[in-house]
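Results of the structural survey
Each chain is listed here by its residues.
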Amino acid sequence: MDTEKENQNDSQNDSQNDKQNENQKFITEVEEIIDPEKKKIREEREKEALKRAKRRKVIPPFIMLSAGAIVSIVMFVLRYQLKDMLIILLCVLVVFYIAGELIKWMFDRFEAQIEEARLEEGEVIEKEPDSTADTGKRKELAEQIEKTAEEGE
């Protein structure tokens, strides 16, 4: 009985989240129609974010292989037996791959926080009225929203 209520609550929350996401997408699309420069800026930010993500993707393998090369050379110079070398090398590779993944995760997290701050800052700036010409655009936007709402009903 309790699980049924929880499932109903979860489905209601999911549908509310879906509606909020749809509304946010609609608002973004309307803003881009009104101000095409915002669309260009957003697309540039997305491209830069993809480039940074591609660069960060190579961090774990680079750290792992660098550590593996150093350990291999040191063990070769110190004349370790082959079996011991391979076991130690495998452990070093696994440990440093995990360390690289943690570093990559931290960079991803930092970028997400920076992006959130940038968006919050942008929202505050966007809400400030900057000219009387902007009110005409807002009226047109309000009319478009009313038309779409009437069509949806």
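As a starting point, this report considers the structure included with it. Note that the coordinates shown come from a computational prediction; the quantities given were computed from them, not determined experimentally. (Residues numbered from 1 in each chain as written. Predicted model: local features only at pLDDT ≥ 70, side-chain atom pairs only at ≥ 80, totals over all residues. Heavy atoms only, no water.)

**Considering the side chain of Glu111**
We count it as follows: In DSSP terms, a helix is any run of H or I states spanning at least four residues, a strand is any run of E spanning at least two, and both are numbered starting from the N terminus. Exposure categories follow from relative accessible area, calculated using a 1.4 Å probe and restricted to protein chains: below 20% of the type maximum is buried, above 50% is exposed, and the middle band is partly exposed. It only takes one pair of heavy atoms within 4.5 Å for two residues to be counted as in contact.
In this fold, Glu111 is placed in helix 4 (residues 82-127). Under the relative-accessibility criterion, Glu111 is labelled buried at 16%. Not counting the four nearest positions on each side in its chain, Glu111 is found in contact with Ala49, Arg52 and Arg56.

**Points about the pattern of salt bridges**
To keep it simple, the criterion reads: The term salt bridge refers to a side-chain nitrogen of Lys or Arg lying within 4 Å of a carboxyl oxygen of Asp or Glu.
Applying the stated criterion across every chain, the model contains 5 salt bridges. Notably, a salt bridge pairs Asp108 with Arg56, separated by 2.5 Å at the nearest N-O pair. Of this pair, Asp108 sits in helix 4 while Arg56 sits in helix 2 (residues 36-57), and the two are 52 residues apart along the sequence. Taking the shortest distance from any N to any O, the salt bridge between Glu111 and Arg56 comes out at 2.5 Å. Of this pair, Glu111 sits in helix 4 while Arg56 sits in helix 2, and the two are 55 residues apart along the sequence. Taking the relative accessible area as the measure of exposure, Arg56 reaches 12% and is therefore buried. Sharing partners across several salt bridges, the network here consists of Glu48, Arg52, Arg56, Asp108 and Glu111.

**Some thoughts on the packing of helix 2 against helix 3 (residues 59-77)**
The test is simple: A fitted line through C-alpha atoms serves as each axis, taken over the contacting stretch for helices, and the angle formed by two N-to-C directions is quoted from 0 to 180°. Working definition: roughly parallel below 35 degrees, roughly antiparallel above 145 degrees, roughly perpendicular at 65 to 115 degrees, and oblique for all remaining angles. In this classification, Asp, Glu, Lys and Arg are treated as charged, Ala, Val, Leu, Ile, Met, Phe, Trp, Tyr, Cys and Pro as nonpolar, and every other residue, Gly included, as polar.
Where helix 2 meets helix 3, the closest approach of the two axes is 5 Å, and the angle between their N-to-C directions is 20°. Our classification of the angle between helix 2 and helix 3 gives roughly parallel. Residues Arg55, Arg56 and Lys57 of helix 2 form the contact with helix 3, whose own contacting residues are Ile59, Pro60 and Pro61. In terms of residue class, the contact of helix 2 with helix 3 is built from 3 nonpolar, no polar and 3 charged.

**Side note on unusual backbone geometry**
With a phi close to 55°, Arg79 is a non-glycine residue in the positive phi region. Position of Arg79 among the secondary structure elements: in the loop between helix 3 and helix 4.

**Considering a negative patch on the surface**
Formally: For patch building, the residue pool is restricted to those with more than 30% relative accessible area and no salt bridge; the joining distance is 9 Å between like charges and 5 Å between nonpolar side chains (Val, Leu, Ile, Met, Phe, Trp, Tyr). All accessible-area figures derive from a Shrake-Rupley calculation using a 1.4 Å probe, and residue coverage is judged against the displayed protein chains alone. Under this rule, positive means Lys or Arg and negative means Asp or Glu; His and the chain ends count for nothing. Throughout, a charge is located at the NZ atom of Lys, the CZ atom of Arg, the CG atom of Asp or the CD atom of Glu.
Together, Glu140, Glu143, Glu146, Glu150 and Glu151 make up a region of like negative charge exposed at the surface. With respect to the helices, strands and loops of the structure, Glu140 is situated in helix 5 (residues 133-152).

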